[in-house]
Amino acid sequence: MVNYTNLCKTTVRMNKGKKIAITRPYDNVKDVNDSKDVWSLAVRVMDLWCVTGKYRQEQYLEMVIADKENDMIQLTVPYVELAKWKEILKENNTYTMLNFKVLKNDVAVKASTHPFRLAVSGAIIIKLVDFPAIPLASFRFKDFGEILAGNYRNDLLIDVIGAFQDITNTNKKGTIIRSVTFLLKDASGLMIHATLWDESAKQFFDAFSQANGPETIFIVLKHVRAREAQGIYPLCVTNTWSGTKVIINAEIPEIAEFKTRFAELPIDDVNASQQLSQLTQGSQMTQQGDIMNKAHFLTLSEVNHVMHETICVTIAEIKKINANKYGWIYDGCNFCTKGVRMDNGQLKCRGNHINDEAKPRFRVEVEAVYKNDKAKFLLWENDVASIMGMSAQELKEQLVEFHPTTYPPILDQVVCPQKVFKIKACLGSSPYSVIQISDNEGLLKNLEKQFGLGEVSSKLALLDEVKFDEVKESQELVVDTLNTQSLCDETDHSCSSATPPPKRNSQEDVDWVGSTQDVEATQLSSTKLAKQPKLEPKN
């Protein structure tokens, strides 16, 4: 029979006088779980960023660390430990790290796919040690094809790379850029929208303004989220509150390799020489970008079903001029674009400007068509004059005989193939007033690629046909009156504006680190929840 008491005493005597090693062997990152806190890791800091609050105050550090097998895990330094470790932890350095708080990786925005995440506690030991076997930080690009096919996780940060194509929208508050939306094209020719907000939008414009020459501009977006299409907004990638990096035309291997593959694509239908001219001082856009500013894109079918006044962009061709009792010209004010009439012996507009004589201005009603859908548009002075190459006054002076309802043959020039129109539309307000026209072929084709044109989509809560017919019939009696009241007011385009894709967050997007004795509850980096933009009423 074995005497365990004597055996234990013997074992103790045998080890007496010998030093016992306290250094733990390094664990693999992939093996980390919440069964213990005593983990020993040899890692490289792949990414590191400071999460700031509303007033730019630093709240905590977030990082991604990886071992020699390139397995990654997310690590948080809470505010109580921030001052101690902020100057020690640097991106791309290698360290030994021991003792963590291990938490489930259940935050709304994840920087790694590891089922667990780590948090620094008061017991942690971190030492700077050189581990050359641990590979340097690299991008983990997500394929555009996978994103467009829905093969992504909207709670996981990704990296994307592409060639800049076109700015489709900006959102400003005074002189401050709130957001910018643009198109990126990958090396296979697929395109995707990217929307950057706040500080990331500023990074974009700052970097963009430093790009030189007409060559193609290549952009890397590191740590962005893929957002599914919602309502009128297409699928896009967007930045997080903190941690997103915007890299433009940098001398890095990833961009150099992408340039080589991109050069094998056919010449793009968007003129690369126009790209840099789209911005002046990082904030101004050309016509093709500006026409999308503060406007939804709707098909002509959807335009005909809007329930609320809205500014939108659509594609159509002008088939013919519609002759009507108001003719193709009106008596306008010399100080604004409103119509004038006699008031107590004076020629006045609704803005009370007094005129010695009226100024002739174009007002041409046309039939716009896209596939099987039709609508009436009103073209005003600026657009008609740009097509004709002369103002209404110049045309009137050249006519041998003038009558507002006698349409001179030269006006047939307004009949044109497909163009992009920015209009103001509302149910019962036909014809729709045209605000701007663009004949940019690149913009036209980009819109056709990005939206399901010709089909009634789910972008609007459409009226059912019976209800629509009833509403239309009841309003036909007042349409003529409504048109009469507004037919001479070219610039009365005031309506609530649309915005680029909003930060579509819910309560689920609030991240939680977890409260322990050493780790305070905090919010991990996510797209900002505050300051939601005002949206156009959903039609």
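Remember, predicted model here, so these are calculated numbers, not experimental data.

> So what exactly am I meant to see when it comes to the nonpolar core here?
It is characteristic of soluble globular proteins that their nonpolar side chains tend to be buried jointly. Grouped together as the largest cluster of nonpolar side chains are 43 residues, with contacts concentrated most on Phe362, Phe377 and Ile423. By residue number, the principal contributor to this core is strand 15 (residues 310–321), which donates six residues. With residues near it in sequence (within four places) discarded, Phe377 still touches Leu300, Thr314, Ala316, Val364, Glu365, Val366, Ala368, Phe421, Ile423, Pro431, Tyr432 and Val434. One finds Tyr152, Val160, Phe164 and Phe208 within the second-largest nonpolar core, a separate group that totals 27 residues.

> Please clarify how unusual backbone geometry should be interpreted in this entry.
Outside of glycine, negative phi angles account for most residues, and trans bonds account for most peptide bonds. A positive phi angle, close to 75°, is found at Asn99, a residue other than glycine. Mapped onto the fold, Asn99 is located in the loop between strand 4 (94–98) and strand 5 (101–104).

> Help me understand the packing of aromatic side chains, please; the structure alone is not making it clear to me.
Any pair of aromatic rings gets described here by the distance separating the centres and the angle formed by the planes. In the structure shown here, the tally under the stated rule is 14 aromatic pairs. Relative to Phe141, the ring of Phe139 has its centre 5.2 Å away and its plane inclined at 10°; by these criteria the two rings are stacked. Joined through ring pairs, the aromatic side chains of Phe164, Phe182, Phe204 and Phe205 make up one cluster. Directly above the ring of Trp39 sits Lys36, whose terminal nitrogen or CZ lies 4.3 Å from the centroid.

> In this structure, what is going on with the sheet that holds strand 17 (residues 340–343)? I would like to understand it.
Two pairing modes exist for strands in a sheet, parallel and antiparallel, and in both the strands are linked by backbone hydrogen bonds. In spatial order, the strands read 17-18-19; together these three strands make up an open sheet with antiparallel pairing. Unpaired on one side and paired on the other, strand 17 and strand 19 (354–355) mark the two borders of the sheet.

> Just checking my understanding: could you explain helix 5 (residues 253–262) for this structure?
Note that an α-helix has 3.6 residues per turn; residues three or four places apart therefore point the same way. Looking at helix 5, one finds that the buried residues are Ile255, Phe258 and Phe262. Down the axis of helix 5, the buried side of the element spans an arc of 60°, and every buried residue falls inside it. The exposed set on the far side of helix 5, more than 90 degrees from its buried face, consists of Pro253 and Thr260. In this structure, the buried residues of helix 5 make contact with strand 8 (158–173), strand 9 (176–185), strand 11 (218–227) and strand 13 (245–248).

> Sorry, what's going on with helix 8 (residues 381–388) here?
Restricting attention to buried positions, one finds in helix 8 the residues Glu381, Asp383, Val384, Ala385 and Met388. Looking at the packing, one finds that the buried side of helix 8 touches strand 20 (359–370), strand 21 (373–380), helix 9 (392–398) and strand 23 (432–438). Note on helix 8: the residue one or two positions beyond its end, Gly389, has a positive phi of about 80°.

> I'm lost on the sheet that holds strand 5 in this one. Help?
The seven strands lie next to each other as 5-6-3-2-1-4-7, forming an open sheet whose pairing is mixed. In the strand order of this sheet, the two ends are held by strand 5 and strand 7 (125–128), each with one partner. Direction aside, the axes of adjacent strands within the sheet are offset by 35° on average. As defined by bridge partners, strand 1 (residues 40–52) adjoins strand 4 across five bridges and the pair is classed as antiparallel. Of the residues in strand 4, the one forming a bridge with Val43 is Tyr95.

> Looking at this structure, how should I read the side chain of Thr238?
Tracing the backbone through its elements, the reader meets Thr238 in strand 12 (residues 236–239). At a separation of 3.0 Å, a polar atom in the side chain of Thr238 contacts the main-chain carbonyl oxygen of Thr195.

> Before we go on, may I ask you to explain the state of the cysteines in this structure?
Put plainly, a disulfide is one covalent bond tying together the sulfur atoms of two cysteines. Scanning the model with the defined rule gives zero disulfides in all. Looking at Cys336, it has no disulfide partner, and the nearest cysteine sulfur is the one in Cys349, 3.7 Å off. By relative accessible area, which is 19% here, Cys336 ends up buried.

> I tried to follow the environment of Leu128 on my own but got confused; where do I start?
For Leu128, the position within the fold is in strand 7. It is 6.6 Å that separates the C-alpha atoms of Leu128 and Thr96, two residues lying 32 residues apart in sequence. The residues touching Leu128, leaving out its near neighbours within four places in the chain, are Asn93, Thr94 and Tyr95.

> So what exactly am I meant to see when it comes to the environment of Val384 here?
Turning to its location among the elements, Val384 is positioned in helix 8. Residues Val384 and Arg361, spaced 23 residues apart in sequence, show a C-alpha to C-alpha distance of 9.6 Å. Every residue in contact with Val384, bar those within four places of it in the chain, is listed here: Phe362, Val364, Leu379, Leu411 and Val414.

About the cut-offs
Within each chain, residues carry numbers counting from 1 in the order of the written sequence. Given that the model is predicted, a residue must reach a pLDDT of at least 70 before its local features are reported, and side-chain atom pairs must reach 80 or more before they are shown or counted; all residues, however, enter totals for whole chains, interfaces and linings. Processing note: side-chain calculations cover all non-hydrogen atoms of the structure and skip hydrogens and water entirely. Side-chain atoms within 4.5 Å link the members of a nonpolar core, which is a set of buried Ala, Val, Leu, Ile, Met, Phe, Trp, Tyr and Cys residues. Burial status follows relative accessibility: with a 1.4 Å probe on protein chains alone, a residue under 20% of its type maximum counts as buried, one over 50% as exposed, and anything between as partly exposed. Helix and strand assignments follow DSSP, with helices taken as H or I runs no shorter than four residues and strands as E runs no shorter than two, numbered in order from the N terminus. Any pair of residues with heavy atoms lying within 4.5 Å of one another is described as a contacting pair. Stacked, tilted and edge-to-face pairs are distinguished by plane angle, under 30 degrees for stacked and over 60 for edge-to-face with tilted covering the rest, among Phe, Tyr and Trp rings (Trp via its six-membered ring) whose centres lie within 6.5 Å. We call a charge positioned above a ring when the Lys NZ or Arg CZ atom is no farther than 6 Å from the ring centre and deviates by at most 35 degrees from the ring normal. Note: two strands are recorded as paired if DSSP finds a minimum of 2 bridges between them. Within this analysis, the arc is defined by the directions that extend from the helix axis to the C-beta atoms. To obtain an axis, a line is fitted to C-alpha atoms, over the contacting stretch when the element is a helix, and the angle between two such axes runs from 0 to 180 degrees between their N-to-C directions. In the analysis that follows, any N or O atom pair within 3.5 Å is treated as a polar contact, provided that within protein one partner can donate a hydrogen and the other can accept it, and provided that, for residues neighboring in sequence, both atoms belong to side chains. In this description, a disulfide is simply a cysteine sulfur pair whose atoms lie within 2.5 Å.

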